[in-house]
Structure formats: C-alpha cells, structure tokens
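Each chain, written out:
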Amino acid sequence: MKLSVIIINHNLCPTLRHTLSALVDAGKNIDYEVFIFDNASTDASISMIEREFPQFHIIASQKNIGYSKAYNEVVSLTNGEYVLLVKPDIICSKKTLEHAMEFMDMHEDSGGLGVRMITPQGRFLPESNRGLTPAWAAFFKLIGLAKYFPKSRLSDRNRKDWVEEFQTSEVDFLNGAFMLLRRSVIKEIDLFDERFAVFGYDTDLSYRIRLAGYKNYYFPKTFIINTNGGNAPQFNWHFVKDFYGAMIIFAMKYLFKMPEVKLQGIPKMPLVYEIE
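Residues numbered from 1 in each chain as written. Predicted model: local features only at pLDDT ≥ 70, side-chain atom pairs only at ≥ 80, totals over all residues. Heavy atoms only, no water.

(A) Spotlight on the pattern of salt bridges. Counted according to the given criterion, the structure contains 11 salt bridges. Asp 172 serves as the salt-bridge partner of Arg 210, at 2.5 Å between the closest nitrogen and oxygen. Of this pair, Arg 210 sits in helix H8 (residues 201–211) while Asp 172 sits in the loop between strand S7 (169–171) and strand S8 (178–182), and the two are 38 residues apart along the sequence. The partner of Arg 208 in a salt bridge is Asp 204, with the nearest N and O atoms 3.0 Å apart. Taken together, the residues span about one helical turn, with Arg 208 and Asp 204 both in helix H8 at a distance of four residues. (Salt bridge = Lys/Arg side-chain N within 4 Å of Asp/Glu carboxyl O. Helix = DSSP H or I, 4+ residues; strand = E, 2+ residues; numbered from the N terminus.)

Here is the structure:
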C-alpha cells in the first residue's frame, strides 16, 4: 500500500466531513487507507463517518488522549509506505497527495514533507514553510536554540533570502496540520514522544528527523486549504500546562544535550536549500 492517512478528531464533525470528502477525490488514483481516531467526541462525528464514509476505519476512544498518543496507537495499524498526518479541518486539492508522494519518491533523503497552506480566502499561511507558531519561535530565541534552526526564520524575518511561498526548499520544521512522513524513517527514529500530548509533538518529531540525518521539505507545487476549524485555545490551567509545558519538555530534552548533539551527521547547508 502506498499511503496511510491518519486523522485525529474531536468534535469537528462539519469540517471533518469536508476533509474526508476531499480525501476521497484526492485518493482516486492512489492505493491508500484512512484511519480516523476519535478523541471522545460528543457530536455526530462517529455516526457521520459510519454513514457517509464506511470505507474508512474508525477508532473511537472513550477519553481524549491528545494527539501524540493517538497517533502512536494508529500508526501501528497502518500499512502504507508513507504516513500522512492531517488535521480534520484541512481540504486537500485533487492532486495534493499524488504530487507530494512523487516528490518524496524522487528525494530519498526526505523524512517528511509539508505543503503550501492557504486560508479559504486564498491567503498564504507563513507557517507552511516556517513550521512554527510565533510563540514557539519566540521560545527558541529566548533559550538560545534559534541558531540551530537557520531555516525557520527565527532571527530576522525581513531577510530577502528566506524561503518564499513558491520556493521548494528544505526547512527545519513541518507543520502538524499536514505532515507526510516516510514510514521507514519514523520506524528508525521511533514515533511521537507522548510527553508532548497536545502541543509540540510535530516540532519534536521534525527535529528528530533532522537529527537522524534526513531532511524536511516544504513543497509548494500543490496546496491545502486550512479552514482552522479547531476550537480556539482557552487560556485556562489545562492550556497553560499543555502549551508551555511542551516548551519546557523540549528545552529539557535537547538544550542540555546540545553540545553533544549539534545536529550530528547532518551536513552544513546553505541558508536556503532550493530544489529545482
């Protein structure tokens, strides 16, 4: 099988329906499978999937276990050469999956790939090739790790030689909204660190892909629509614990190991690695 798609859903039935419909169109010429892990939704998500998309696999959890643990549980059930992690509020274009996997097939050094993201109004989302939210970018600058991620626009966002919207390039981090991963690579580096339950799991995995000597790519010759249908974060104790706790975990995991690690095995590269 060529591709396994994994979606983690929690109370996003309306947007999930659009995501799955788009996947059906995008997968017409692909040998693929789709797994939806439902994180204890209380809306009509499960009944909608059973009624409208019976060809897809559903795993219904009785409690919300977050992203990283849910992804880990599902990956072991999949068979695809590539594993696509996609949020339930993403609309793929008809050729997104085909073009993305063709690029990965041609670049055997690739561990993961992200694509150009736009809003429903057509506005480019800079996190497509930056991979990080402003808060994470500020965190890396604060603790001094920014110098190890030269392709993430952490130091000077006004430079003219950074990755542009339509420039196929190597990047430091992939955005968790759409992560196409090579199965052989994630088997080598292990799956998600479950300490990053809700936030930071994509950042940590992207970093470990690079530590293992593989590359993360930004591929803009196809696109997805990010409807951002997820619930807005609530600044309560749980949000603070998960969001800022992930940053602390990342710092503890890598900061004190940085003198020994320093991206060993990864050759020095130009600031922008452009692909023809």
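(B) Quick peek at unusual backbone geometry. Despite not being glycine, Asn 11 shows a phi value in the positive range, around 60°. Its place among the elements puts Asn 11 in the loop between strand S1 (3–9) and helix H1 (13–26). With a relative accessible area of 23%, Asn 11 lands in the partly exposed category. Phi is positive for Asp 190, close to 80°, though the residue is something other than glycine. Residue position: Asp 190 is located in the loop between helix H7 (183–189) and H8. With a relative accessible area of 53%, Asp 190 lands in the exposed category. (Buried < 20%, exposed > 50% of the residue type's maximum accessible area, 1.4 Å probe, protein only.)

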